[in-house]
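Listed below, chain by chain, are the residues.
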Amino acid sequence: MANSASTYNSLIRDSLQRTAQLVVPSLPFAGLFTLAVGVLVFAAGALPEGGGGSAAFALLAFATLFAHSLFSVSMYHAVVPVEAGKLMAAWKLSLSWILVIVVAAIGASIIVLFFALIGASLGVGASEEGQTITDMTAEMRESGTFWPLFGLFIAMLLGVFWFAVRMMTFAAATSARGSVHVFRTWYWTKGHFRLLAPVMVLLVALPIVGFGYLGSVATTAFVGVPETPWQEGLSSAINMIVLLPSAWLGHGFAASVYTAVAPENGADAGS
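Residues numbered from 1 in each chain as written. Predicted model: local features only at pLDDT ≥ 70, side-chain atom pairs only at ≥ 80, totals over all residues. Heavy atoms only, no water.

Digging into the overall build of the protein
Right, on to step 1. Regarding its fold elements, the protein presents eight helices and zero strands.
Right, on to step 2. Counting helices and strands in the order they occur from the N terminus, the protein gives α-α-α-α-α-α-α-α.
Right, on to step 3. Within the protein, buried positions represent 37% of all 271 residues.
Right, on to step 4. Sequence-distant contacts, at least 24 apart, represent 74% of the contacts inside the protein between residues at least 6 apart.
Right, on to step 5. As displayed, the protein has an accessible area near 14,400 Å², and 71% of this comes from carbon and sulfur atoms. (Helix = DSSP H or I, 4+ residues; strand = E, 2+ residues; numbered from the N terminus. Buried < 20%, exposed > 50% of the residue type's maximum accessible area, 1.4 Å probe, protein only. Contact = heavy atoms within 4.5 Å. Areas by Shrake-Rupley, 256 points an atom, 1.4 Å probe, with all protein chains shown as cover.)

Shown next, in the form of structure tokens:
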């Protein structure tokens, strides 16, 4: 991919074309995923405490993850060449997501620990009982530690975004090829960050923020402030329905990038 205006336009146009093609084939699986999210959130508030409730919630969480994977696979299979059936691809994608979630959890723990240690070394902390975040912020400004920590925080966010852009084809690859593709896709996007980053903001980040806001408005209008598990589940399902266009756009974009950068199957077998 060349970083030119025509390439940006071509990538956006191809992503939108693929998005239009994947909407209808994915609708049944979108409904299944929406239902699974609602049931999971309902169960979080309705299940009893204890080992039985925790086990039931864990099973529902994996079922929701599998429903999400089926939804993703249905979209990718509509617009890219495939080498596996939907159920097998969804199973492999679920395993891929578990791996990504574990890596993300480790990364988040490292970031939290890093800021905790840096903050402690700079004297950031509540020195008095009941001290608020506002008080701590004022103290940090006075001591000159606020802006260094804020700069580190922004750098961390940019690093997370860079990592997300580099990893964006793993789900499309796993769905299309029917085998776990996570870190082997890392090299496919090498050298393309300057092209992919702004398009990812346009077709992924902004739609999520925009439709997320619309989802909060819709849930407030239909349900109000949820007070029962049933209302919480319904609110989550409504919010997910409103967010569906952002999922379609994101998958159309990822499918377009995958088609452009992925090597022939087998070329990356050793990675």
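A few points about the confidence of the model for the protein
Right, on to step 1. This prediction gives the protein a mean pLDDT of 87; 85% of its residues lie at or above 70.
Right, on to step 2. Ranking the elements of the protein by mean pLDDT puts helix H4 (residues 133–143) last with 61 and helix H8 (residues 229–261) first with 95. (pLDDT = per-residue confidence, 0-100.)

Observations concerning a nonpolar patch on the surface
Right, on to step 1. On the surface, Phe62, Met88, Trp91, Leu95, Ile98, Val102, Ile106 and Ile110 cluster together to form a nonpolar patch covering roughly 700 Å² of accessible area.
Right, on to step 2. In terms of residues, the nonpolar patch owes the most to one element, helix H3 (residues 86–121), which gives seven residues.
Right, on to step 3. Relative to the helices and strands, Ile106 is located in helix H3. (Patch = residues over 30% accessible without salt bridge, like charges linked within 9 Å, V, L, I, M, F, W, Y side chains within 5 Å. Salt bridge = Lys/Arg side-chain N within 4 Å of Asp/Glu carboxyl O.)

Regarding the side chain of His77
Right, on to step 1. Mapped onto the elements of the fold, His77 is located in helix H2 (residues 51–77).
Right, on to step 2. Classification of His77 as buried rests on a relative accessible area of 16%.
Right, on to step 3. When neighbours within four sequence positions are excluded, His77 is seen to be in contact with Val82, Ala84, Gly85, Lys86, Ala89 and Ser175.

Overview of helix H6 (residues 170–177)
Right, on to step 1. The buried count for H6 comes to eight of eight residues, which makes it a mostly enclosed element.
Right, on to step 2. By the burial criterion, the buried members of H6 are Phe170, Ala171, Ala172, Ala173, Thr174, Ser175, Ala176 and Arg177.
Right, on to step 3. Where H6 terminates, the next one or two residues include Gly178, which has phi positive at roughly 70°.

Section: the packing of aromatic side chains
Right, on to step 1. Scanning the entire structure with this criterion turns up seven aromatic pairs.
Right, on to step 2. Relative to Trp91, the ring of Phe62 has its centre 6.0 Å away and its plane inclined at 70°; by these criteria the two rings are edge-to-face. Placement of the pair is Phe62 in helix H2 and Trp91 in helix H3, with a sequence separation of 29 residues.
Right, on to step 3. Take Phe62: its relative accessible area is 32%, and that puts it in the partly exposed class.
Right, on to step 4. According to the relative accessible area criterion, Trp91 is partly exposed, its value standing at 39%. (Phe/Tyr/Trp six-rings, centres within 6.5 Å; stacked < 30°, edge-to-face > 60°.)

Let's talk about the pattern of salt bridges
Where charged atoms of side chains with opposite charge meet at close range, the side chains can pair.
Right, on to step 1. Within this structure, the stated rule accounts for one salt bridge.
Right, on to step 2. Arg18 serves as the salt-bridge partner of Asp14, at 2.7 Å between the closest nitrogen and oxygen. Within this pair, Asp14 and its partner Arg18 are both found in helix H1 (residues 5–46), separated by four residues, close to a single helical turn.
Right, on to step 3. The exposure class assigned to Asp14 is partly exposed, which follows from its relative accessible area of 21%.

Quick notes on the environment of Ala254
Right, on to step 1. Its location among the elements puts Ala254 in helix H8.
Right, on to step 2. Separated by 235 residues in sequence, Ala254 and Thr19 have C-alpha atoms that sit 10.0 Å apart.
Right, on to step 3. Residues in contact with Ala254, not counting those within four places in the same chain, are Tyr76, Met168 and Ala172.

With respect to the packing of helix H5 (residues 146–166) against helix H7 (residues 193–222)
Right, on to step 1. The N-to-C vectors of H5 and H7 enclose an angle of 100°; their axes lie 10 Å apart at closest approach. With respect to H7, the element H5 is oriented roughly perpendicular. Listed contacts from H7 to Phe161, Trp162, Ala164 and Val165 of H5 are Phe193, Leu196, Ala197, Met200 and Val201. (Axes fitted to C-alpha atoms, helices over the stretch in contact; angles between N-to-C directions. Parallel < 35°, antiparallel > 145°, perpendicular 65-115°, else oblique.)

Points about the environment of Val217
Right, on to step 1. Locating Val217 in the fold gives a position in helix H7.
Right, on to step 2. A sequence separation of 25 residues divides Val217 from Val242, and the C-alpha atoms of the two residues are 10.0 Å apart.

Observations concerning the nonpolar core
Right, on to step 1. If you look at the biggest cluster of nonpolar residues, it comprises 45 residues, and the most contacted ones within it are Phe71, Leu196 and Phe253.
Right, on to step 2. At the level of elements, H1, H2, H3, H6, H7 and H8 are the ones that each hand at least two residues to this core.
Right, on to step 3. Considering every element that reaches this core, the biggest residue donor is H8, with ten residues. (Core = buried A, V, L, I, M, F, W, Y, C linked by side-chain atoms within 4.5 Å.)

Digging into the environment of Ala255
Right, on to step 1. Assignment of secondary structure puts Ala255 in helix H8.
Right, on to step 2. Put simply, Ala255 and Tyr76 are 179 residues apart on the chain and 6.4 Å apart in space, counted from C-alpha to C-alpha.
Right, on to step 3. Contact partners of Ala255, with chain neighbours within four places excluded, come to Arg18, Tyr76, Val79 and Val80.

Here's the deal with the side chain of Thr64
Right, on to step 1. With respect to the secondary-structure elements, Thr64 resides in helix H2.
Right, on to step 2. Residue Thr64 is classed as buried on the basis of its relative accessible area, which comes to 8%.
Right, on to step 3. A polar atom in the side chain of Thr64 sits 2.8 Å from the backbone oxygen of Leu60.
Right, on to step 4. Residue contacts for Thr64: discarding those within four places in its chain leaves Phe33, Ala36, Val37 and Leu40. (Polar contact = N/O pair within 3.5 Å; in protein donor to acceptor, adjacent residues only side chain to side chain.)

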